[in-house]
Amino acid sequence: MEKLLVENIAPMIRASNTHLQTFAFTKVDMGEKPLRVMGVKVHTGQNKKQILLDLTVSYVGDIHIDVEVKKFFCKAGVKGMQLHGVLRVILEPLIGDMPIVGALTMFFIRRPTLDINWTGMTNLLDIPGLSSLSDSMIMDSIAAFLVLPNRLLVPLVPDLHDVAQLRSPLPRGIVRVHLREAKDLQSKDKYVRGLIEGKSDPYALVRVGTQLFTSRVVDESLNPTWNETYEFVVHEVPGQELEVELFDKDPDQDDFLGRMKLDFGEVLQARVLEEWFPLQDGGQGQLHLRLEWLTLLSDASKLEQVLQRNRGISSKPEAPSAAILVIYLDRAQELPLKKPGKEPNPMVQLSVQDVTRESRVVYNNSSPVWDDAFRFFLQDPANQDIDIQVKDDTRQTSLGSLSVRLSRLLTAEDMTLDQWFQLENSGPSSRIYMKLIMRILFLDAPEVCHTSRPCAPGQSDVETGSSVDLPPRPSRASPDAQFGTESVIRIHLLEAENLIAKDNFMGGMIRGKSDPYAKVRLGGHSFRSHVVKEELSPRWNEVYEVIVNEVPGQEVEFEIYDKDIDKDDFLGRCKIALKRVLNSRFIDEWLPLEDVKSGRLHVRLECLPPTPNGAELEQVLMVNSLTQTQRSAELSSALLSVFLDRAADLPLRKGSKPPSPYVSLSIRNVSYKSKTITSTSEPVWDEGFSFLVKRPHVESLELQVKDEGGQGLGALSLPLTQLLTAETLTLDRWFPLSHAGPGGQVLLRVQLGILVSQRSGVEPRSAPAAGEETESPPAGLEPELYVREDGDPRGVGPAQELRQRLTHADSNSELAEGPHGQLQLTAWYHMDERKLVVIVHSCRKLRASSKDIPDPYVSLILLPDKNRVTKRKTTVRKRTLNPEFNERFEWELPLEEASRRKLEACVKNSVSFMSREKEPLGKVHLDLSQMDLAQGKAQWYNLKDDRSSS
């Protein structure tokens, strides 16, 4: 790998930009974590002399690579990288002796996904003239070796024959892409500081693997017309796909307008496919394409027909091709010496008209072996030549030349010449061995137009009985009208008072109390609170969350019971209409208990509609940590809605029988199962599922497609971080399935909504006395903004209290950063619960004492105690110097005692379990007597080492 980076990739990067001419790799450490093979699928190839393996590979590595641009004294690097994809390995040829396989050929059918953890990237971008250096540059370098049509060949036996043909076999077909036009594109050009909306200057990048074309720019248009044609070599169908990305041309950085993707399996079925494709990944508008599958014919009988058809096609930037020429350059013999006794460094230049390819250089050899392959598209093979120049490495000295008329191939057997060719202007015995193969590009299907607009010249509206009669595979999911209409109801079960005493003694002569608990029901979900022993005015302070749709007649029901050894006694019930909660969004009330003599229940209900704004997430996580109670599960910060549309190209059962697939979807410990579709590899489910998500930045949607017998048909792991970076937090497209072969995929619409509560984190209001009227806000004012004129704190709205509580220590921004980093905490005293509450928010700029990135956590102790009773600690965050926690901890003690205590917060590195002690990263001591515990605020504190005091 170090050799690949230093000798191959570094020169490519240096050549990519004039400002990177001094780019170099200074350190290459591949770490200790290996590449993992998550699944293997074996199937026979096109002939009996090969075996195909599809390996689902996953690399989550701890690599450490440093780079330097010496000219600008700039250093950067990579610490950690993820690479995921399907690697095809071909075992060919099979031989009758050990090692049984003659060579391995490896390649990615599609570009693998790559995620790089950069260090020093900001410094790198400061280089003049270098506007962006992203993962795509590294990905392009990997693609140049390992993504089709490029292959990596590893010979396993000496003197392997036909190496060039193994490395570059004849293609399966050629796809001709006509880039017609687009419509309703997004406007990116704005004037007068964005007040006046202009148009865009769109252009297209048309890509198949590493084959890339760029269209011309159409100035100031949202409905551009290109009418350009490109031709692509296709090897693996299904598997390889067409990707078109639209951009708005700008002087500084081009704006993304959207993309579309299409597997060539659809083009192979239809032969001619013309459609308006909707733009995905945040783009708007549609793209008009015509795609033609050209078959490779090994005889020249159809050539005149092909030439006649091509003459009627107006094609830019080049005329359409009639044939393809593949040249396998094998070796040369007895090339002339540069000087007596001095061997040349020969390379070969091959030219067809104005297109020239060059072979690699073989140093110090007059009989070189190249084993290279080259492809040329031919417009008129009957009247074209291939010119070959053998030169010394300086490109100045000629070692021989050759010109071959391509018309010779039209009359040759199988349109192939496989022989020695004598070199001209060379030595008397100088010759070169090549294999030349020509194939005619023939469109063997009737013209078909799938568009809703008039067909272009040369097209037809007549559909045949072939596979083109089938409706085209949708590029986006089609959810029903109810999809994405859910809200989340957050139910705060706070307290009750004046409950009936059910525990009596001595035959009822002595009246005791009750041991109350509550049952809560909404929309088929039920919850049960903890039991409060011997109490007629219990405090529960529990929170429950339910996903609801606006179905008429739903109610939130509460029932109170007294816990007994035999049968629990009924203490009353109450309910509230869900429609009222949905309309008002927030209700905080004392509800009288029905069917009993006395008692009432204090509840708070919030309606949280999902918001497609990822910028709200950090604030929501902090609000949830403040609202969190000790007896409730962690509050949800988002709602994930998944619409499962369909799947395609699922693998068959044994015996080539279609499966009966269903889908299992899960996040954390919550799972759903779809219906089962009988006997099909193209199932359509049309089902929606919703999940409450605690921490979207660290969770993933796990999807498994299974046969009804339990056999796995494919899997998908979708990190929710992909949604956080998507426009409107939505992805709607085909997702490739792992362990399902190269064609298996599933169509999903996945959208994330952030649950923003403006009324969270508020202490329960004091219960009004029986018969006391609560004051309502004046008409037109939201409850959370209303403050009573008499200054009664009960009138202060929850949102205002929350904003006060969440005032960050950015008021402490003057605080000089400590040498060990900083810790953000909130500490306050909860008067109603009589508890000291501490929220551990986050750390920043921790200083690691070793070369490895730490796994930090925070340990809390109330001094002077140093025992397990007062000790608390957060969860561990992996490999980060800026961990986010947002975790809440409580100590039950009187305010007077809390004010006499000191809080010790120690940030530690969770090292190996073999170590006796955890590695300290810094410590903070807070004297609670010097803090206003009634007005807790989030504050940043400098971390000290063990020898320093705070």
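Residues numbered from 1 in each chain as written. Predicted model: local features only at pLDDT ≥ 70, side-chain atom pairs only at ≥ 80, totals over all residues. Heavy atoms only, no water.

**So, the overall build of the protein chain**
Thinking step 1. Looking only at helices and strands, one finds 12 helices and 52 strands in the protein chain.
Thinking step 2. Burial status across the protein chain gives 50% buried among its 950 residues.
Thinking step 3. Contacts in the protein chain between residues at least 24 apart in sequence constitute 64% of all its contacts with a sequence separation of at least 6.
Thinking step 4. For the protein chain, the exposed surface amounts to about 46,300 Å²; the carbon and sulfur share of it is 48%. (Helix = DSSP H or I, 4+ residues; strand = E, 2+ residues; numbered from the N terminus. Buried < 20%, exposed > 50% of the residue type's maximum accessible area, 1.4 Å probe, protein only. Contact = heavy atoms within 4.5 Å. Areas by Shrake-Rupley, 256 points an atom, 1.4 Å probe, with all protein chains shown as cover.)

**Here's the deal with the packing of aromatic side chains**
Thinking step 1. Taken as a whole, this structure holds 11 aromatic pairs when the rule is applied.
Thinking step 2. Taking the centre distance of 5.3 Å and the plane angle of 85° together, the rings of Phe23 and Phe25 count as edge-to-face.
Thinking step 3. On the accessibility criterion, Phe23 (5% relative accessible area) is buried.
Thinking step 4. The exposure class of Phe25 is buried, given its relative accessible area of 17%.
Thinking step 5. The interplanar angle of 70° and the centroid separation of 4.9 Å between the aromatic rings of Tyr672 and Phe691 together place this pair among those described as edge-to-face. In this pair, Tyr672 sits in strand β39 (residues 670–673) while Phe691 sits in strand β40 (residues 684–693), placing the two residues 19 residues apart along the sequence.
Thinking step 6. Judged by relative accessible area, Tyr672 falls into the partly exposed class, the value being 33%. (Phe/Tyr/Trp six-rings, centres within 6.5 Å; stacked < 30°, edge-to-face > 60°.)

**Some details on the sheet that holds strand β15 (residues 255–263)**
Thinking step 1. Ordered by their spatial adjacency, four strands build an open sheet running β12-β11-β14-β15, and the pairing between neighbours is antiparallel. Edge positions in the sheet fall to β12 (211–214) and β15, since each of these pairs with one other strand and no more. On average, each strand axis in the sheet is tilted by 15° relative to the strand beside it, whichever way the strands run.
Thinking step 2. Pairing between strand β11 (residues 202–208) and strand β14 (residues 241–248): six bridges, direction antiparallel. Within β14, the position partnered with Arg207 by the bridge is Glu243. (Pairing = 2+ DSSP bridges. Axes fitted to C-alpha atoms, helices over the stretch in contact; angles between N-to-C directions.)

**Focus on the sheet that holds strand β50 (residues 902–909)**
Thinking step 1. On the basis of which strands lie adjacent, the open sheet formed by four strands has the order β48-β47-β50-β51 and antiparallel pairing. Both edges of this open sheet fall to β48 (872–873) and β51 (919–927), since each of them pairs with a single strand only.
Thinking step 2. Where strand β47 (residues 856–863) meets β48, two bridges bridge the pair, whose relative direction is antiparallel. Its bridge partner being in β48, Ser859 is matched across the sheet by Lys873.

**As for helix α1 (residues 2–16)**
Thinking step 1. For α1, built from 15 residues, the straight-helix expectation of 21 Å at 1.5 Å per residue is met to within 8% by its first-to-last C-alpha distance of 20 Å.
Thinking step 2. When the local axis directions of α1 are compared, the greatest deviation, roughly 40°, occurs at Ile9, which is followed within four positions by the proline Pro11. (Expected span 1.5 Å × (residues − 1). Bend = angle between axes of the 7 residues up to and from the residue.)

**Quick look at the pairing of strand β22 (residues 385–392)**
Thinking step 1. Here strand β19 (residues 346–352) runs beside β22; their pairing, made up of six bridges, is antiparallel. Looking at β22, one finds that Ser351 is bridged to Asp387.
Thinking step 2. Inspection of the sheet shows β22 paired to strand β23 (residues 398–405) by seven bridges, in the antiparallel sense. Bridge pairing links Gln389 to Ser401 in β23.

**Structural notes on the pattern of salt bridges**
Thinking step 1. Tallied over the entire structure, the rule returns 38 salt bridges.
Thinking step 2. Of the charged contacts in the structure, one is a salt bridge between Arg180 and Glu274, with a shortest N-O distance of 3.7 Å. With Arg180 in strand β8 (residues 173–183) and Glu274 in strand β16 (residues 272–278), the pair connects residues that are 94 residues apart, well separated along the chain.
Thinking step 3. On the accessibility criterion, Arg180 (15% relative accessible area) is buried. (Salt bridge = Lys/Arg side-chain N within 4 Å of Asp/Glu carboxyl O.)

**Some words on the confidence of the model for the protein chain**
Thinking step 1. Summing up the model confidence of the protein chain, the mean pLDDT is 80 and the portion of residues at 70 or higher is 83%.
Thinking step 2. Contacts of residues 760–804 to residues separated by more than four positions or lying in other chains number 75 contacts, the stretch itself having pLDDT below 50.
Thinking step 3. Throughout residues 807–814 the model reports pLDDT below 50, and contacts reaching past four residues in sequence, or to other chains, amount to 12 contacts. (pLDDT = per-residue confidence, 0-100.)

**Quick word on the side chain of Ser359**
Thinking step 1. When you line up the elements, Ser359 lands in the loop between β20 (355–358) and β21 (369–378).
Thinking step 2. Among the polar contacts listed, one links the side chain of Ser359 to the backbone nitrogen of Val348, at a separation of 2.9 Å.
Thinking step 3. Discounting chain neighbours no more than four positions away, the residues touching Ser359 are Leu329, Met347, Val348, Trp370, Asp372 and Phe374. (Polar contact = N/O pair within 3.5 Å; in protein donor to acceptor, adjacent residues only side chain to side chain.)

**Brief notes about helix α9 (residues 617–627)**
Thinking step 1. With respect to burial, α9 is a largely interior element, nine of its 11 residues being buried.
Thinking step 2. Turning to α9, its buried residues are Leu617, Val620, Leu621, Met622, Val623, Asn624, Ser625, Leu626 and Thr627.

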